[in-house]
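Understanding the architecture of this molecule
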Amino acid sequence: MKKLLGLVPIAFVWLASTLGCSGNAPLDGRPPDRVAAAVDLGRLPPGTLVDFVIGLSPRRPTELHKYVAMRRSGDAMLAPDDFADLYAAKRQDYARVMSWMEQHGIIVTRANAGRTTVSGLGSAGAVESLFGVELHQYSDAGGTFFAASGPITVANELVGVVNGVVGLSGSGNWQSHLAWPDLSAGAVITPDAMHTLYNTMTYANPGMGETVAILGAGLAPDPTADVGTFMSHYKPYGVASAASYSQTFLGGPNRDDVTSAQNEQIENILDAEMVLSMAPLANVVHVLTATNAPGLFTDGISYIVNQLPKAHTVSVSYGGCERGASQEMPVLDTLMEQAQAEGQQWFFASGDSGTDGCRDGSGNKHITAGWPTSSPFVVGVGGTMVGNGGVEIVWNQNTTGVGAGGGAPSEVFPKPAYQMGKTPADNARDTPDVAALAGGGGANIGYQGRIVGPVYGTSVAAPIFAGAWALVDQGKGGGGITDALTKLYAVAGTNAFNDVITGDNGGPDDASAGYLAGPGYDLATGLGTPNVVNLISNLP
Amino acid sequence: MRILMMMAVAVSVTACSSGGKDGTKKVSASGTSTYGIATDGASHVAYILNAGPSYGTSGELHIADAAGKDTKIATGINIGTFGFSADGKGLLFVQQNSDPTDANLQWVDVTNPTAPPKMVFATGMQTVGITSDPKSPKIAAPLLQQGFQSPSGRFYIVGQGATPDLHVIDMTTGTDVFSRDNGAFHYLELVLPNDVMVFQDAVGGNGGISGGAGVQTLFWTDLTSGSPTSTQIDERTGNYTPTGDNKTLVYQRADTRELFAWDATARPATGTKIASDTLNFAVGGSGPVAYVGSDGSFHVVGIDGKAILDVAAATAVADPNSPVYISDDGADAYYFQHVDSQDSQGTLMHLSVSAGAAPSKVADAASLGDVHPLPDGVLLYLANVDMTGATGDAFKSARDGSGATALGTKVPIGFLSIQTPPGAGSGSAMWVSAHLTGATESMSQQLIDAVRNISGGLELTTTSGTTMIDPNARLGQYQISDDFSNLVYVGGSAFDSTVDNYVGALEFVPVATPTMKPAKPLLTGVSEVGPVVKRALFVNAPKASSPGVYFVSF
């Protein structure tokens, strides 16, 4: 869990003598970017109070990063003061920054035990004196704002110690681009609906003893305002809060642009809440990489495979298509193979583009599989929705521009042994393997204290199936299920699955009908959706 | 798709010469601003005139020669969307259509620039948002984002259409000489210096669900043959790369992780298997092949598949995400342990390529993309990479990592580039490295030419040592001359908001004696620098006393 560092008493050391009179040095060499295109309205009145925050460079950054990257779930948290002693600015440097601020008439409003930032409040005149810059008022298309008119400088002695100043650049607040209606739990895919469809209503202690990892990128869910809201609203199996939900960050804070990071945050929230819908007592570890670049499938996967072997179930709702991905296939397959051997099973969303995982454009009839869904070492999860009579049918909402469950044969991988005789005789690795609810009414999520939605896609399905798999693993003793794909196909056509026999996954680009669902395996929903109780009893 | 509204026009204009000093001659037409130069060396320059001073702007596309003969080609053209063939006879440019999400591709006969441009594709070229916001206004995507130029400079390999389909355009004639549809451009393509293209495409799988499963297949074709045809090499392939001499192609099967060698000269029906259970690999000048095994082992095999070096997993401990390097002479190989690919770093390990050799550590936190074993027994690399993988410190050592000496600090990751004389190849004993040091990158502002906003001190490293050239330089504003004798750069470079770029003085120093700097700059107010050919180059000088594009000789 993320912890907020509170205001802590600081033992002040007066080190004014260490701050020479050799003047200031520029921090980054040029004025704030927003200033260049704005109209200068003149000097900020000198009495105006200005809040700002000074950032201090970490010490031993490489070691810090290694430490963070090597954290294991369940490791004791590093206390802020321990962090400071190991990795933050030196105590003397921290005191010098505060001394420098106070010499210029700035009030230090907040210091922290981690020695990473100092917050200050002062008059505009004092702040100008501190940073050797004029503060001006400006106007541009975004409104009126104030900012430093030139490069911010710091005392020469603090160059290298101070790594940034927040509050003087005129940058605006982050704005959410979401405009979702508040449907107040009006969606079909509720935890209760999942439990009914997947035969877990009477499951005792769902998820207890299991660790489920989720891999995502960008901004993290808020454990309280997002995940907590969802749990307290839906109370899956009567559980009103997650037993254990933690986050691990790889590569530092988010590095994606704001738009991408916010979309990823919704994805991350959805993933966590769908897993917890099925297995609320599981230890859910959310691994978040700083970017959604290829590092997502290298660092993140490698971390989970190697550092979280206790996670017998992993859910990923990110992916692409096979074309152009063949360079990375051997590496990813190797990691997935290692995971299989460890009894760790990865579930990937099969995509929302029906038979055309590459989204090759309208009107064509290209058949392309999603990647990494087509890896012979992962379970690809397709999509369903609830049809007439409460029976699941293939998820296909192309006519409303939403999407359809991904499913197609691989162009790269031949048919693996476990699919021989179970899937069409196309000499190809067929996808998806299984399915779960993805659309129809959609799913709601807890988001910033509210229940909002709906959300659609196999991004809903993959974490639902992963949550169900955690219950299967729990039911099988909790030791991990090695070579799970062989075992899943061994019970093909049995009551371990709810066979989906209606609908197709055509489009949205493919003008043809797409793959029809039918008895047994099909390229729209795979083996079907899970019957957890029967999977536990049938699975070899 | 709609027909383009902005019609290409061709108006010949002879630019007014500024009567420049120090061998400078203004060659651009009169106008409010010039941006985005592209050249064929030192014969012709293309640039944008009368565009606004911010990324995403558009203006008039002009071509000028070194004598100052200027021709207006088209309007509504974005920076970076045009390029010359290597012989300077043709120019391709992309123009946004009236549908702002669509663009066209046109070709100009540079020998007759007043003739109307030839439409290559009326639709189907990509556009991109000015920002990442999906609602952002669109502009035509840069030419080298939509495709790539063959090493010979004759062909442009491009994806066109929504699928996108694969096309090869002869840039000297504007002719579409080879194409494959059904989304073929999605796969990997490689063009060898002799214009033989190796590429992947699906066989089957294009007839809807009744068409059966497709199989990803590797082909070759000779683009110079007049009517190129496709010949299969193998199927279900992953990565592939040629040897340094381009005589052998080494490719990997994605499904089996086997490595194959294919004779790119004799071009047999299929490759010969040389290794199994491989992950990442690298090839030397004429072989051998070094690779990481899926179990973390490390191996080197000859092009004939004979084992040269095998290091067991327990000893090698190679990371599955490790890139692999091998020196051009095949004597030294490198791989990484503990790879942190998000932050571009890992522990760099060295192996002498001989039976029984044991790995030794070169450095921790070494850049994954900046390992350069050089022919004079030298290794250049970056280590002490920061926690976000932005910069590292440059080091020079013996090939095995011993005797490391520090060069510059805070060198941008991926930009410790090595240059060798033209035609000398990577194995040349003559090499130089011009790179930034103490660099910082602004992620918040896109410069007008879309080059990464990285600035710092400019440093020159040669076999003789390292010299700080200028404390204020910007990425992309320096060039080594074609004769390898001079480093030409923009010195004292500082951001100028009126042109949304870094601007400074055009300077040069001899590579052999880099401390000898001429007293006067060649030109002031310079923001863009073209390649240096026979001691001459085109530059854009938007803040010169007479702003415009200049032809500079020295």
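Above this text is the structure in question.
Residues numbered from 1 in each chain as written. Chains lettered and ligands numbered in written order. Predicted model: local features only at pLDDT ≥ 70, side-chain atom pairs only at ≥ 80, totals over all residues. Heavy atoms only, no water.

Some details on the sheet that holds strand 30 (residues 332–340) of chain B
Residue and element names in this part refer to chain B.
- Taking strand neighbours across the sheet as the criterion, the four strands line up as 29-30-31-32 in an open arrangement whose pairing is antiparallel. Here the strands that pair on one side only, and so sit at the sheet edges, are strand 29 (325–326) and strand 32 (360–367).
- With five bridges joining them, strand 31 (residues 345–352) and strand 32 adopt antiparallel strand pairing. For methionine 349, the partnering residue across the bridge sits in strand 32 and is lysine 361. (Pairing = 2+ DSSP bridges. Helix = DSSP H or I, 4+ residues; strand = E, 2+ residues; numbered from the N terminus.)

Examining the environment of valine 283 of chain B
All names here are of chain B.
- Tracing the backbone through its elements, the reader meets valine 283 in strand 25 (residues 278–283).
- Separated by 50 residues in sequence, valine 283 and alanine 333 have C-alpha atoms that sit 9.8 Å apart.
- In this view, valine 283 contacts Thr241, Pro242, Thr243, Val250, Pro288, Val289 and Ile326; residues no more than four positions away in its chain are not counted. (Contact = heavy atoms within 4.5 Å.)

Some points on the interface of chain B and chain A
- Every contact between the two is made by 53 residues of chain B and, on the other side, 55 residues of chain A.
- Across the chain B/chain A interface, buried area totals approximately 4100 Å², and carbon plus sulfur atoms make up 50% of it.
- Counting across the chain B and chain A interface gives one salt bridge.
- Glutamate 337 of chain A is the salt-bridge partner of arginine 257 of chain B, the closest N and O atoms lying 2.9 Å from each other.
- The tally of links from chain B across to chain A stands at 10 residue pairs in polar contact (both at pLDDT 80 or more).
- Counting residues per element, the ones that place at least two in the side of chain B that touches chain A are strand 18 (196–203), strand 19 (215–222), strand 21 (237–242), strand 25, strand 30 and strand 32 of chain B.
- For the side of chain B that touches chain A, the class distribution of residues is 17 nonpolar, 29 polar and seven charged. (Buried area = accessible area lost by both parts, 1.4 Å probe. Salt bridge = Lys/Arg side-chain N within 4 Å of Asp/Glu carboxyl O. Polar contact = N/O pair within 3.5 Å; in protein donor to acceptor, adjacent residues only side chain to side chain. Nonpolar A, V, L, I, M, F, W, Y, C, P; charged D, E, K, R; others polar.)

Focus: the environment of glutamine 137 of chain A
All names here are of chain A.
- Within the secondary structure, glutamine 137 is located in strand 6 (residues 135–140).
- Assessed through its relative accessible area of 30%, glutamine 137 is described here as partly exposed.
- Sequence spacing of glutamine 137 and threonine 399 is 262 residues, and the spatial spacing of their C-alpha atoms is 51 Å. (Buried < 20%, exposed > 50% of the residue type's maximum accessible area, 1.4 Å probe, protein only.)

As for the packing of helix 7 (residues 223–234) of chain A against helix 8 (residues 258–278) of chain A
Residue and element names in this part refer to chain A.
- Closest axis-to-axis distance for the helix 7/helix 8 pair is 10 Å, and the angle between their directions is 35°. Along this stretch, helix 7 crosses helix 8, giving a crossing that reads as right-handed. Seen from helix 7, the contacting residues are Asp226, Val227, Phe230 and Met231; seen from helix 8, they are Gln265, Ile269, Ala272, Glu273, Met274, Leu276 and Ser277.
- Per-class residue counts for the contact of helix 7 with helix 8 are seven nonpolar, two polar and two charged. (Axes fitted to C-alpha atoms, helices over the stretch in contact; angles between N-to-C directions. Left-handed = near helix turned anticlockwise from the far one by under 90°.)

Some words on the sheet that holds strand 9 (residues 103–109) of chain B
All names here are of chain B.
- Read from one edge to the other, the open sheet built from four strands follows the order 7-8-9-10, with strand pairing classed as antiparallel. One side of each edge strand has no neighbouring strand; the edge strands of this open sheet are strand 7 (82–84) and strand 10 (118–125). On average, adjacent strands in this sheet sit at an angle of 15° to one another, irrespective of strand direction.
- Note: strand 7 against strand 8 (residues 90–96), three bridges, orientation antiparallel. Following the sheet pairing, phenylalanine 84 is matched in strand 8 by leucine 91.

Observations concerning the packing of aromatic side chains
- Enumeration over the complete set of coordinates arrives at 17 aromatic pairs over all chains.
- Between phenylalanine 230 of chain A and tyrosine 234 of chain A, the aromatic rings sit 4.8 Å apart at their centres with planes inclined by 50°, giving tilted as the arrangement. Within this pair, phenylalanine 230 of chain A and its partner tyrosine 234 of chain A are both found in helix 7, separated by four residues, close to a single helical turn.
- Between tryptophan 220 of chain B and tryptophan 262 of chain B, the ring centres sit 6.3 Å apart and the planes meet at 40°, which makes this aromatic pair tilted. Here tryptophan 220 of chain B is found in strand 19, whereas its partner tryptophan 262 of chain B is found in strand 23 (residues 259–263), with 42 residues between them in sequence.
- Among the residues examined, tryptophan 262 of chain B registers a relative accessible area of 0% and is labelled buried.
- Through successive ring pairs, a cluster of aromatic residues spans Phe347, Phe465 and Trp469 of chain A.
- Over the aromatic face of tryptophan 107 of chain B sits the side chain of lysine 118 of chain B, whose NZ or CZ is 6.0 Å from the ring centroid. (Phe/Tyr/Trp six-rings, centres within 6.5 Å; stacked < 30°, edge-to-face > 60°. Lys NZ or Arg CZ within 6 Å of the ring centre and 35° of its normal.)

Re the nonpolar core
All names here are of chain A.
- In this structure, Val381, Ile464 and Trp469 are the most contacted members of the largest nonpolar core, which totals 72 residues.
- Top element by residues in this core is helix 11 (residues 458–475). It accounts for 11 residues.
- Every residue in contact with isoleucine 464, bar those within four places of it in the chain, is listed here: Ile189, Met194, Tyr198, Met274, Met278, Ala436 and Leu437.
- Listed in part, the 29 residues of the second largest apolar core include Tyr94, Ala126, Ile152 and Ala155. (Core = buried A, V, L, I, M, F, W, Y, C linked by side-chain atoms within 4.5 Å.)

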